[in-house]
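So you can see what is in the structure, the chains are spelled out below.
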Amino acid sequence: MACALTTNADHESALKIQSAFRSHQARLKLKNQAVRQTHEKLEYSSEQTQAKLRDLFVKLINSSDLLSPSVTKLLQQAGLPVEEEELLRSTNPDNISVESSYQGPCIEGPITGNTLIDLIEAFRQGQVLHAKYVCKILHQARVILKSLPNFNRIVLSDVHHVLIIGDLHGQLADLLHIFNENGLPGTDNPYIFNGDFVDRGEQSVEIILLLMVSLILYPNSLFLNRGNHEDIMVTARYGFQKEVTKKYQPTQKPLLDLFKDVFSWLPMYSYVKTGTTRIIIIHGGISDRIDLTTINSLRRNRYVSVEVPPKSEHGGARLTAEEKNEYHQVEDLLWSDPDPKGLNGSRKNDSRNIGCFFGSDITDQFLEKNNFSMLIRSHQIKENGYEFAHHRKVITVFSASNYERGFNSGAILRWSYNEDEPQIIQHKLRGAQDMQSLSFAKQVTLLADPVYQSLIEKIMAKKSSLQKEFYKADRNRSAHLPVIVWSKIMTNVLETDLPWLALRSKLVEEDAQGIRYNTMFDGYALENTKFQISNTGIMEDLYMWKDTLLMLFNLIDSNHSGFINAEEFADIIKLLLSDEDGAGNVTQEYIDELCSAIDLDGNGRIDANEFLESFRIVNSKNSQNFDRQPNTRRL
């Protein structure tokens, strides 16, 4: 009898432990989903900065007399191809000497299969290839890229299979894992890399170099599509330019010009004859205006950056209607997404503010018109590394696992001859090996904190608008709002549909009466008190433009010295804050005050560090869950 009682007690204990574990797993899954959703929404929101910059360049064309000629010229150059003769001269590997202290790999003579293996081993050990050899690789690859049409064509009856790789975003470990598990590129092992090789991760340069060496060795078996991040304006924001500057300090400007040019020669898409059907592989997506005849015949190196409209080839200041249509088609190919609401048709991509959302009817029409059976695309992180859409006629593949310190799997596709669908191969790398030893709370902190910082910046940029809407909704003047009302205001004012109910404990205090909305701003302030300028509205507008300001700063700083003068910075402010007619209500006195506030050391020059320091937000609150340390945290 006692034995039976003990057995029942043990059974009940086991059930309780099992229930607690399942509950914990469910909470963990929900928290991870909330963080992923928050990250994705904020990432799309940050990409809207790119659209703002594009609009600025259109504005520049319409009001170029507002700025000094030197600044106008520098900004317009960002969207122009590099002059061929100057590019060849400034990046000629024969003119670059190798220091005696250099300990990395050397490439003497022709590039061979051993070169690829040697570079893989060197990059695994964290070595940086000398600029001389970088130029050698890029110039040889550039010759091949320039000879290609605007699309890649792969016939599986010749090669029997092809491996299709999605976004890698500078995560070298994922590329090396893929090579290790599936074999190096070769005549009998072809690969298609579907864009977004660079940005975000810290080894974009190494990924590009390995892909370019593979292209040199196997030009008929290594195929590269352009992604939206193979764009010199996008890389100025998302890390690649910073990586090149850090690794190649003396030669970063000509190297960036060479990368800029190489990116512009990447083909726009690939198509594969599988034996039974044809498939098309595009980085972003499609729209109702995509015409492959137009895409196949355009001059692709004209689009150095899709963020900046190209110059008209007809000599006018504005693009013709035909040129605008071509330009928007390129945008759509690189930036579009399947409609997240499952709607038919083609509509503006209001998440990214560039490209389109396309419905299943657009997919059906496009595939039928062009005799394809499936569209393979990348461009979006997926929890499992892949996702089918539009009745399995669209598949998204994303190959960077644990992207941005997340928990997603990476995936690649293997399409074999005469097969109707691809084989999906998933992987997930551990990244930092000590991650497994951390507690659950600490893991969430590591992932969520950068996202939280970005969110606080958005909130502070809209502080006045939020306060106005909170006050208007608080009819009883109780300094409280119902949770649902607070959530709707956050969505409407920030124009970002986040899981506010799940996030509210991290952002604002709550009691029995509801959300204490004013507590959301408690303890946050700009660290540079000199920057607390009297005109709060313009100050918040300027903060909203912070990322765009930094990109314009980098463009005007054409020699990457880290400095621009106060007059050049004043021109940037004029461009941002003037209205469509170039007038605006911003006085010269205000611009002078603003420049003085950002010029912290008063030397008449503004450097990148001063600029960023002026926008630093200090949080003196003890942020629960996100930061358990009592000391001040800078955002």
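Please read all numbers here as calculations on a predicted model, not as lab measurements.

Rules behind the numbers
Residues numbered from 1 in each chain as written. Predicted model: local features only at pLDDT ≥ 70, side-chain atom pairs only at ≥ 80, totals over all residues. Heavy atoms only, no water. Salt bridge = Lys/Arg side-chain N within 4 Å of Asp/Glu carboxyl O. Helix = DSSP H or I, 4+ residues; strand = E, 2+ residues; numbered from the N terminus. Buried < 20%, exposed > 50% of the residue type's maximum accessible area, 1.4 Å probe, protein only. Contact = heavy atoms within 4.5 Å. pLDDT = per-residue confidence, 0-100. Phe/Tyr/Trp six-rings, centres within 6.5 Å; stacked < 30°, edge-to-face > 60°. Pairing = 2+ DSSP bridges. Axes fitted to C-alpha atoms, helices over the stretch in contact; angles between N-to-C directions. Parallel < 35°, antiparallel > 145°, perpendicular 65-115°, else oblique. Left-handed = near helix turned anticlockwise from the far one by under 90°. Nonpolar A, V, L, I, M, F, W, Y, C, P; charged D, E, K, R; others polar.

1. Notes on the pattern of salt bridges
Link 1 in the chain: Enumeration over the complete set of coordinates arrives at 24 salt bridges.
Link 2 in the chain: Residue Lys146 is joined to Glu84 by a salt bridge in which the shortest nitrogen-to-oxygen separation is 3.5 Å. Pair noted here: Lys146 is in helix α5 (residues 131-147) and Glu84 is in helix α3 (residues 84-90), with a separation of 62 residues, a long-range link.
Link 3 in the chain: Overall, Lys146 belongs to the partly exposed group, its relative accessible area being 34%.
Link 4 in the chain: Ionic pairing is found between Arg89 and Glu86, a salt bridge with its closest N-O pair at 2.6 Å. Residue Arg89 and its partner Glu86 are located together in helix α3, separated by 3 residues, close to a single helical turn.
Link 5 in the chain: Of the residues examined, Arg89 reaches a relative accessible area of 51% and is grouped as exposed.
Link 6 in the chain: Salt bridges linked by common partners bring Arg299, Arg302, Glu313, Glu323 and Glu326 together as one network.

2. So, the side chain of Thr235
Link 1 in the chain: Tracing the backbone through its elements, the reader meets Thr235 in helix α9 (residues 232-238).
Link 2 in the chain: The contact partners of Thr235, leaving out residues within four places of it in the chain, are Val198, Asp199, His229, Phe240, Gln241 and Phe263.

3. Side note on the confidence of the model for the protein
Link 1 in the chain: Per-chain confidence: the protein averages 81 in pLDDT, with 70% of residues scoring 70 or above.
Link 2 in the chain: Scored below 50 in pLDDT, residues 432-450 shows 23 contacts in the model against residues more than four places distant or in partner chains.
Link 3 in the chain: In this model, residues 621-635 is a region of pLDDT below 50 whose contacts with residues beyond four sequence positions or in other chains number 44 contacts.

4. Quick look at the packing of aromatic side chains
Link 1 in the chain: The full count for this structure, using the stated rule, is 16 aromatic pairs.
Link 2 in the chain: Measuring from centroid to centroid gives 5.3 Å for Phe470 and Tyr517, while their planes differ by 40°, and the two rings are tilted. Here the residue Phe470 occupies a position in helix α16 (residues 463-473), and Tyr517 occupies one in the loop between β16 (514-516) and β17 (524-526), the gap between them amounting to 47 residues. A single burial state applies to Phe470 and to Tyr517, both of which are buried.
Link 3 in the chain: Ring plane angle 80° and centroid distance 6.2 Å describe the contact between Trp486 and Trp500, whose orientation is recorded as edge-to-face. Placement of the pair is Trp486 in helix α17 (residues 483-494) and Trp500 in helix α18 (residues 500-507), with a sequence separation of 14 residues.

5. Structural notes on the sheet that holds strand β3 (residues 191-193)
Within a sheet, neighbouring strands are paired by backbone hydrogen bonds and run either parallel or antiparallel to one another.
Link 1 in the chain: As summarised here, the arrangement of the 5 strands in space is β4-β3-β2-β13-β14, forming an open sheet in which the pairing is mixed. The open sheet has two free edges, formed respectively by β4 (222-224) and β14 (423-427), since each of these has just one partner strand. With strand direction ignored, the average angle separating the axes of adjacent strands in the sheet is 20°.
Link 2 in the chain: Examined bridge by bridge, strand β2 (residues 161-165) and strand β13 (residues 410-416) share 5 bridges and lie antiparallel to one another. The residue bridging Ile164 from the neighbouring strand is Leu413, located in β13.
Link 3 in the chain: Each of β2, β3, β13 and β14 touches helix α7 (residues 172-182); the most contacted strand, β3, lies at about 165° to it.

6. Re the pairing of strand β12 (residues 394-397)
A regular strand places its side chains on the two faces of the sheet in alternate fashion.
Link 1 in the chain: Burial along β12 is two-sided: Val394 and Thr396 and Ile395 and Val397, pointing in opposite directions, are all buried.
Link 2 in the chain: In this structure, strand β10 (residues 374-377) lies alongside β12, joined through 3 bridges in parallel fashion. Each bridged residue has a counterpart across the sheet, and for Leu375 the counterpart in β12 is Val394.
Link 3 in the chain: Here 4 bridges tie strand β11 (residues 386-389) to β12, and the two strands are oriented antiparallel to one another. Bridging from a neighbouring strand, Tyr386 pairs with Val397 of β12.
Link 4 in the chain: Between the end of β11 and the start of β12, which pair antiparallel, lie 4 residues, with His390 showing a positive phi angle near 50°.

7. Some remarks on the environment of Leu138
Link 1 in the chain: Turning to its location among the elements, Leu138 is positioned in helix α5.
Link 2 in the chain: Looking at Leu138, the relative accessible area reads 0%, which means it is buried.
Link 3 in the chain: Sequence spacing of Leu138 and Val262 is 124 residues, and the spatial spacing of their C-alpha atoms is 7.4 Å.
Link 4 in the chain: For Leu138, the contacting residues outside a window of four places in its chain are Ile208, Leu209, Met212, Leu258, Phe259 and Val262.

8. Observations regarding the packing of helix α10 (residues 240-247) against helix α11 (residues 252-264)
Link 1 in the chain: The N-to-C vectors of α10 and α11 enclose an angle of 140°; their axes lie 9 Å apart at closest approach. By the criterion of interaxial angle, the relationship of α10 to α11 is oblique. You can see that α10 and α11 cross each other, and the crossing is right-handed. Facing α10, whose interface residues are Phe240, Gln241, Val244 and Thr245, α11 presents Gln252, Leu255, Leu256, Phe259 and Phe263.
Link 2 in the chain: Looking at the contact of α10 with α11, its residues break down into 6 nonpolar, 3 polar and no charged.

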